[in-house]
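Next come the chains, spelled out residue by residue.
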Amino acid sequence: MDDRDMKSVSTKQLSIANTARKYSNEPITVLHPNLDVHWLWEASLRVRKNSASGVDNQRYADYEEGKQERLEALLTKAKEGSYRAPPVKRKYIPKDGGEQRGIGIPTLDDKILQRAVVMLLEPIYEEEFYDFSFGFRPGKSPHQALRYIYSQCYEHQVAYVLDVDLRKYFDTIDHGHLREILRRRVGDGVVTRLINKWLKAGVWENGSVHYPETGSPQGGVISPLLSNIYLHTVLDEWYVLDIRPHLKSKSFLVRYADDFVMGFANKADAESMLAALTARFAEYGLQIHPEKTRLVRFERPGRTANAGEKPETFDFLGFTHYWGKSRKGNMVVQRKTSGKRLRRTLGAIKEWGWKHRHLPLKEQQEKINRTLTGHYAYYGITGNSRRLREVHYQVKQLWRKWLGRRNRDGPMNWKAFGQLLVNYPLAPPRIVHPYQKYAPSETMI
């Protein structure tokens, strides 16, 4: 494979996008001719080499031997219809609140083929997705979503925020509705047949296979795109075309995968929206979590006669959003690491430290610094310095305790620990995402 092959993939994607734009209200019926060995090869390069293996226990390094022949065989089975989607291996990861989320781990063949289909579908749906949808899209990121909320709160004079939680969204997507939604834009038989096989693929867990009747192949490469397509129709498009034109005042929606919030200038709009959302989602097999969904008063302090009332806060993408004073004394929307995420980070470091407190200092330092650097890479935004410093301080406290437990002379005092940090320094807090301050006009605020 060479650069010309890579260019041919991007050229084909551009052609698909142009076709989707030209026939914006019709299904695209000719997609599979783009699916060739070069396309699969590029798809394989976009699969993480260190990803977990599926039920066949095959890893990326094993696939390299005879890769060309493997891809040719995979392509033939996909186009002939003889490809069988193997069950996905179920694994559980922790969620906030002590819950667990089940994810599926496909085989390597499945990962490559799913990535190839994603590369076919993305040019179509990127023409349709709205700018306020940020999750798992090319060129989009959580920090762009955070910037969007920041500006929208001013531009739309937001007084109320609807913080919505969908109960087990990925597990409850209705297959019938999903197929109907896909048929509106995808009419290629090879592609739709593959998607149907992935929806029907079983889940391997505790030595047995079961076949869920709802849900997307979560953990699979194609799952984020299918979930975006579903909510684009169920929520985004419905809000823009059917709801927003009839609201009494300004509003906004921002969504990252199944996590979304809505802002309103008018409380009656927010309350009616919550009732409408409940009914709309029920039509498509989805359920709003009644205990985790909240209507938050988020009005700028001092804007109304209720000047003495302190506005509430809401969490989105790991940050708590609240009103606070800027250095100039103005009331502005600020963000800080949410308490749940802070406790999760410190809890994970604490658990690792007690299990590995006898490792050499250099290994401990490298592990801690990798964790801290990763934390700063996401939470290092303008205005969050205090929470970053708190994490740094708490981690120092934890490390001193680990070392004290292996010290026969008792806990290490701060002076001795300070000398140790000279040789084994911890990564200092830093702002990685210096958000440009939004300067609303006086009429906006």
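Procedures and definitions
- Residues numbered from 1 in each chain as written.
- Predicted model: local features only at pLDDT ≥ 70, side-chain atom pairs only at ≥ 80, totals over all residues.
- Heavy atoms only, no water.
- Helix = DSSP H or I, 4+ residues; strand = E, 2+ residues; numbered from the N terminus.
- Rg over C-alpha atoms; globule rule 2.2 N^0.38 Å.
- Buried < 20%, exposed > 50% of the residue type's maximum accessible area, 1.4 Å probe, protein only.
- Salt bridge = Lys/Arg side-chain N within 4 Å of Asp/Glu carboxyl O.
- Polar contact = N/O pair within 3.5 Å; in protein donor to acceptor, adjacent residues only side chain to side chain.
- Contact = heavy atoms within 4.5 Å.
- Pairing = 2+ DSSP bridges.
- Axes fitted to C-alpha atoms, helices over the stretch in contact; angles between N-to-C directions.
- Expected span 1.5 Å × (residues − 1).

Chemist: Mind showing me how you'd approach the overall build of the chain here?
Modeler: When you go through the chain residue by residue, the secondary structure sums to 15 helices and eleven strands. Taking 2.2 N^0.38 as the reference for a compact globule, 445 residues should give roughly 22 Å; the C-alpha atoms of the chain span a radius of gyration of 25 Å, in line with that estimate. Taken over the C-alpha atoms alone, the chain extends approximately 70 × 65 × 45 Å along its principal axes. By the burial criterion, 48% of the 445 residues in the chain qualify as buried.

Chemist: Sorry, what's going on with the pattern of salt bridges here?
Modeler: Pairs may arise between side chains of opposite charge once their charged atoms sit close together. Scanning the entire structure with this criterion turns up eleven salt bridges. The salt bridge involving Lys355 is made with Glu351; its shortest N-O contact spans 3.3 Å. With a gap of four residues between them, Lys355 and Glu351 both fall in helix α12 (residues 339–355), about one helical turn apart. Salt-bridge contacts for Glu390 lead to Arg387; the nearest nitrogen and oxygen are separated by 3.5 Å. Of the two residues, Glu390 and Arg387 are both situated in helix α14 (residues 385–405); the distance of three residues between them amounts to about one turn of the helix. Judged by its relative accessible area of 32%, Glu390 falls in the partly exposed class.

Chemist: Just checking my understanding: could you explain the side chain of Thr337 for this structure?
Modeler: Mapped onto the fold, Thr337 is located in strand β11 (residues 331–337). Of note is the side chain of Thr337, whose polar atom sits 2.9 Å from the side chain of Asn384. Setting aside its immediate chain neighbours within four residues, Thr337 contacts Gly318, Phe319, Thr320, Leu342, His375, Tyr379, Asn384 and Arg387.

Chemist: Help me out: how do you make sense of the sheet that holds strand β7 (residues 259–264) in this one?
Modeler: Sheet strands pair by backbone hydrogen bonding; their relative direction is either parallel or antiparallel. Reading across the sheet, the four strands line up as β6-β7-β3-β8 and stay open at both edges, with antiparallel pairing between neighbours. What marks the edges here is a single partner per strand, and that holds for β6 (251–256) and β8 (294–297). With direction set aside, neighbouring strand axes in the sheet form an average angle of 20°.

Chemist: What exactly am I supposed to notice about helix α6 (residues 142–155) here?
Modeler: An α-helix turns once per 3.6 residues; consequently, residues spaced three or four apart project the same way. Given a rise of 1.5 Å per residue, 14 residues ought to cover 20 Å, and the 20 Å separating the end C-alpha atoms of α6 matches this to within 8%. Counting buried residues in α6 gives ten out of 14 residues, a clear majority hidden from the surface. When we look at burial in α6, the residues that qualify are Pro142, His143, Ala145, Leu146, Ile149, Tyr150, Ser151, Gln152, Cys153 and Tyr154. Buried residues in α6 make contact with β6, β7, β9 (314–316), β10 (319–325), β11 and α13 (361–379). Downstream of α6 by a residue or two, Gln157 has a phi angle that is positive, lying close to 50°.

Chemist: So what exactly am I meant to see when it comes to the sheet that holds β11 here?
Modeler: Pairing is antiparallel in the open sheet, where three strands are placed in the order β9-β10-β11. Here the strands that pair on one side only, and so sit at the sheet edges, are β9 and β11. The average undirected angle you get between the axes of adjacent strands in this sheet is 40°. The pairing of β9 with β10 spans three bridges and is classified as antiparallel. Considered in β10, the bridge of Phe316 is made with Phe319.

Purely spatial values, then, with no claim about function.
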